[in-house]
Amino acid sequence: ADGTPVPSPNLGTTIIQDPTVFKDFGGKEGLVKIMDDFMVLLIADPRTKPFFDNEKQAFIKAMLVEQMCEILNGGCKYPGRDMKSSHATMRVNREAFNALVEDFQLAMDKHNVPFSSQNKLLAKLAPMYRDIETTTGAASATLVPPVAK
Ligand code: HEM
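Residues numbered from 1 in each chain as written. Predicted model: local features only at pLDDT ≥ 70, side-chain atom pairs only at ≥ 80, totals over all residues. Heavy atoms only, no water.

Chemist: Would you explain the overall build of the protein in this entry?
Modeler: Each helix and strand counted, the protein has eight helices and zero strands in total. Counting from the amino terminus, the protein carries its helices and strands in the arrangement α-α-α-α-α-α-α-α. A compact globule built from 149 residues would reach a C-alpha radius of gyration of about 15 Å, and the protein, at 15 Å, matches this within 12%. When its C-alpha atoms are laid out on the principal axes, the protein stretches across 50 × 35 × 25 Å. (Helix = DSSP H or I, 4+ residues; strand = E, 2+ residues; numbered from the N terminus. Rg over C-alpha atoms; globule rule 2.2 N^0.38 Å.)

Chemist: I tried to follow unusual backbone geometry on my own but got confused; where do I start?
Modeler: Working note: non-glycine residues mostly have negative phi, and peptide bonds are mostly trans. Its identity is not glycine, yet Asn 73 carries a phi of approximately 65°, on the positive side. Non-glycine residue Asn 112 carries a positive phi angle of around 55°. Inspection of the secondary structure puts Asn 112 in the loop between helix 6 (94–110) and helix 7 (115–125).

Chemist: Even after reading the chapter, I still don't get the coordination of the iron atom of the ligand, so can you show me in this structure?
Modeler: As a benchmark, a tetrahedral metal site with four donors has ideal angles of 109.5 degrees, while an octahedral site with six donors has ideal angles of 90 or 180 degrees. Among protein residues, the single donor to the iron atom of the ligand is His 87 (NE2), with a metal-donor distance of 2.0 Å. Within the secondary structure, His 87 sits in helix 5 (residues 83–87). (Donors = N, O, S within 2.8 Å, 3.2 Å for Na, K, Ca; no water.)

Chemist: What is the right way to look at helix 6 in this model?
Modeler: Because an α-helix packs 3.6 residues into every turn, residues spaced three or four apart end up facing the same way. Taking 1.5 Å of rise per residue, 17 residues should cover 24 Å, and helix 6 covers 24 Å from first to last C-alpha, within 8% of that figure. Buried residues belonging to helix 6 abut helix 2 (27–44), helix 3 (49–52), helix 7 and helix 8 (129–132). Between a side-chain oxygen at the N-terminus of helix 6 and the backbone nitrogen of Glu 95 the separation is 3.3 Å; the capping residue is Asn 93. (Expected span 1.5 Å × (residues − 1). Contact = heavy atoms within 4.5 Å. Polar contact = N/O pair within 3.5 Å; in protein donor to acceptor, adjacent residues only side chain to side chain.)

Chemist: Looking at this structure, I do not really get the site of the ligand. What am I missing?
Modeler: Taken together, the neighbourhood of the ligand is formed by 23 residues, with Phe 52, Lys 56, Tyr 78, Arg 81 and His 87 sitting nearest. Lys 56 places a polar side-chain atom, nitrogen or oxygen, 2.7 Å from an oxygen atom of the ligand. One nitrogen or oxygen atom from the side chain of His 87 is found 2.8 Å from a nitrogen atom belonging to the ligand. Counting only elements with at least two residues in the shell around the ligand, the list comes to helix 3, helix 4 (57–71), helix 5 and helix 6. Ranked by the residues each element gives to the shell around the ligand, the list is headed by helix 4, at six residues. For the shell around the ligand, the residue count by class is 17 nonpolar, four polar and two charged. (Near = heavy atom within 4 Å. Nonpolar A, V, L, I, M, F, W, Y, C, P; charged D, E, K, R; others polar.)

Chemist: Mind showing me how you'd approach the packing of helix 2 against helix 4 here?
Modeler: The axes of two packed helices give the description: the angle between them and the distance between them. Axis separation between helix 2 and helix 4 bottoms out at 9 Å; the angle between their running directions is 135°. When the axis of helix 2 is compared with that of helix 4, the two are oblique. Crossing angle aside, the handedness with which helix 2 passes helix 4 is right-handed. Taking contact as the criterion, the partners of Lys 28, Leu 31, Val 32, Met 35, Asp 36, Phe 38, Met 39 and Ile 43 in helix 2 are, on helix 4, Gln 57, Ile 60, Lys 61, Leu 64, Val 65, Glu 66, Met 68 and Cys 69. (Axes fitted to C-alpha atoms, helices over the stretch in contact; angles between N-to-C directions. Parallel < 35°, antiparallel > 145°, perpendicular 65-115°, else oblique. Left-handed = near helix turned anticlockwise from the far one by under 90°.)

Chemist: In this structure, what is going on with the environment of Glu 133? I would like to understand it.
Modeler: Here Glu 133 is to be found in the segment after helix 8. On the accessibility criterion, Glu 133 (18% relative accessible area) is buried. Considered as a pair, Glu 133 and Val 92 are 41 residues apart in the sequence and their alpha carbons are 4.9 Å apart. In this view, Glu 133 contacts Val 92, Asn 93, Arg 94 and Phe 97; residues no more than four positions away in its chain are not counted. (Buried < 20%, exposed > 50% of the residue type's maximum accessible area, 1.4 Å probe, protein only.)

Here is the structure:
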């Protein structure tokens, strides 16, 4: 009733109300560019390459754009799955999670997103480790359990 958007149940967090943050990301166009560079970094990074060097990268990028756009109150509606179910078939550990966050910071730096706005978004993403980290052991992008031939 007060005009506050209702967060999507799959978003994993609440949205950022301050509209200057979305502007600092260059709007949706800016997010598309950031995710393009982010994916390049993820594939160049040996810690994350096994997860992203596959045919799903375009889909994942598109989902990330919608998710970040909605979190930044950019008028998008994230259509993807929740964080727990979309990462449940992998073994993501703390190292892999931190590597992804580092690479995302590099991508945001490259696009001159002010540090304060980077941190506002990162504060929303950081608690998602609870749903995304699936192991305290070795990381692996192999489906669990293995798919029978
Ligand atoms: C805060 C951190 C993260 C966010 C916000 C995030 C977000 C997302 C989103 C929105 C999707 C698409 C969901 C869907 O399928 O509908 C996805 C899928 C995926 N994510 Fe993440 N993710 C994060 C961390 C990670 C990490 C640390 C890894 C591995 C190192 C990872 C690997 C993947 C992979 C491989 C998929 C595709 C899964 C599939 O479709 O089979 N993600 N993620």
